[in-house]
Amino acid sequence: MGLRLALACAVIAAVATARAQYQVYWGDTHGHTGLSDGKGTPADYFAHARDVAKLDFVILTDHDFGNASPWRMPKENWQATQAAAEAATTEGRFVAIAGYEWTSQPKYWSGFSNGVGSEHLFPGPPRFYNHKNVYFTNEVDYLFSAKDAAFQTPDMLAAAVRHAGGLIQNNHPSTDAECREQFKYDPDWSSVIANTEMLADAIRYKGKTYRVNGERVVREFLARGGKTGFVGGTDSHEGKPASRTAVLASSLTRDGIFDALGHRRNYAVSNARIVLDFRISGHFMGEEIRIAGKPRLAVTVQGTARIKEIVVVRDGVVCHRTTPRRERTRFDWVDKAFRVSSYYYVRVTQADRDENGNPSRAWSSPIWVSKR
Ligand SMILES: [Zn+2]
Ligand SMILES: [Zn+2]
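Residues numbered from 1 in each chain as written. Chains lettered and ligands numbered in written order. Predicted model: local features only at pLDDT ≥ 70, side-chain atom pairs only at ≥ 80, totals over all residues.

Looking at the nonpolar core
Step number 1: Core analysis: the biggest nonpolar cluster contains 84 residues, and Ile97, Ile257 and Tyr344 have the highest contact counts within it.
Step number 2: The element contributing the most residues to this core is strand S3 (residues 95-103), with six residues.
Step number 3: Counting contributing residues, this core receives three or more from each of domain 1 (1-22 + 273-372) and domain 2 (23-264).
Step number 4: Setting aside residues no more than four positions away along its own chain, Tyr344 makes contact with Ile280, Leu297, Val312, Val313, Arg314, Pro366, Ile367 and Val369. (Core = buried A, V, L, I, M, F, W, Y, C linked by C-beta atoms within 7 Å. Buried ≥ 20, exposed ≤ 12 C-beta atoms within 10 Å, placed from the backbone. Helix = DSSP H or I, 4+ residues; strand = E, 2+ residues; numbered from the N terminus. Domains from an automatic or database assignment. Contact = placed C-beta atoms within 7 Å.)

Dropping the structure here:
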């Protein structure tokens, strides 16, 4: 064996060992309690996540607004959220994370002309930044509210959150007017605004179909060169978190969960716990890689029901599709059409139905590939 090959083998072995340490942990990155417009206490929320939903981790994200002027969550509520998360956490068994929902609302700008605002906190025309969840591993004195002029834009928020050591996700993207400036931030913030909630384009609820276009809006952001991983959240207001985000982490600790989320080593599910492993040329979901030759995609899926369809999306378009019709499958696929630079993600659809008639889906975070 030549020296180069021996070195290459040693490097591959080290990488393989490091990767073998990742495990899939299940969580929910979005939910509310009676501290904003949901039900119950933070302790109730964490107990449901741990004991009923059997989650590995959960992030509690009450709205940053209080119930009266000046429209901020009272500091004692924020500190109570952090204390409850600390009390509910036993690393290695269950991790509770304190967060909040940065809730930007157009009615707080003075130019709002299409209704009656509660208070005009900011000058100028209304902005449509939508909502973002913010969360921390460490204790933070007070949250950075969307109603505070110092944190009124996604760029201002991202600067503060990066300084405080937290992460941000874009919430419930859709083609609604309130979301149209959701991704209006400096692309350099992708290291702190690491993820986006993934939603199907059409969702059935109580007999009606709602065209929210969640996946479409995310694809449009990716098409503009945006970088984001995919997470899921129930946005429960009933105190009932459930499995919506899987992370690939080396330990069930706050640091392990944050390391995964910060590197987009995570994926979204809409309902069932579909186990999805997606790699390109040995690299994990969420990575930006440079390769020689053509990308080799390796996909392994362990569903909870028959898998109706697996698609690979390249640069916004389905480039490969399989219909396995069984619960477990794996395939390798080489993209011979690859040229210089592309992103890929995988979407899995099961042949099951939830109580509203929606199939269970899973969306891997993308992998961005450039030619070396
Ligand atoms: Zn929201
Ligand atoms: Zn929410």
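Things to note about the domain arrangement of the protein chain
Step number 1: Per the domain assignment, the segments making up the protein chain are domain 1 (1-22 + 273-372) and domain 2 (23-264).
Step number 2: Of note, the centres of domain 1 and domain 2, computed from C-alpha atoms alone, are 27 Å apart.
Step number 3: Looking at the side of domain 1 that touches domain 2 residue by residue, the class counts come to seven nonpolar, seven polar and two charged. (Nonpolar A, V, L, I, M, F, W, Y, C, P; charged D, E, K, R; others polar.)

Brief notes about helix H2 (residues 42-52)
Step number 1: When we look at burial in H2, the residues that qualify are Pro42, Tyr45, Phe46, His48, Ala49 and Arg50.
Step number 2: Residues of H2 that are buried make contact with strand S1 (23-28), strand S2 (57-63), helix H3 (75-88) and S3.
Step number 3: Immediately beyond the C-terminal end of H2, within one or two residues, lies Lys54, with a positive phi of roughly 55°.

Digging into the sheet that holds strand S15 (residues 296-302)
Paired through backbone hydrogen bonds, the strands of a sheet run either parallel or antiparallel to each other.
Step number 1: Strands sit in the order S13-S12-S15-S18 across an open sheet of four strands; the sheet is antiparallel. Both outer strands of the open sheet, strand S13 (283-284) and strand S18 (328-334), are each paired with one neighbouring strand and no more.
Step number 2: Direction of pairing for S15 relative to S18: antiparallel, over a ladder of seven bridges. Across the sheet, residue Arg296 finds its bridge partner in S18, namely Val334. (Pairing = 2+ DSSP bridges.)

Comments concerning the environment of Asp37
Step number 1: Locating Asp37 in the fold gives a position in the loop between S1 and H2.
Step number 2: Overall, Asp37 belongs to the partly exposed group, with 13 C-beta atoms counted inside 10 Å.
Step number 3: A C-alpha to C-alpha distance of 9.6 Å links Asp37 and Phe65, two positions 28 residues apart in sequence.

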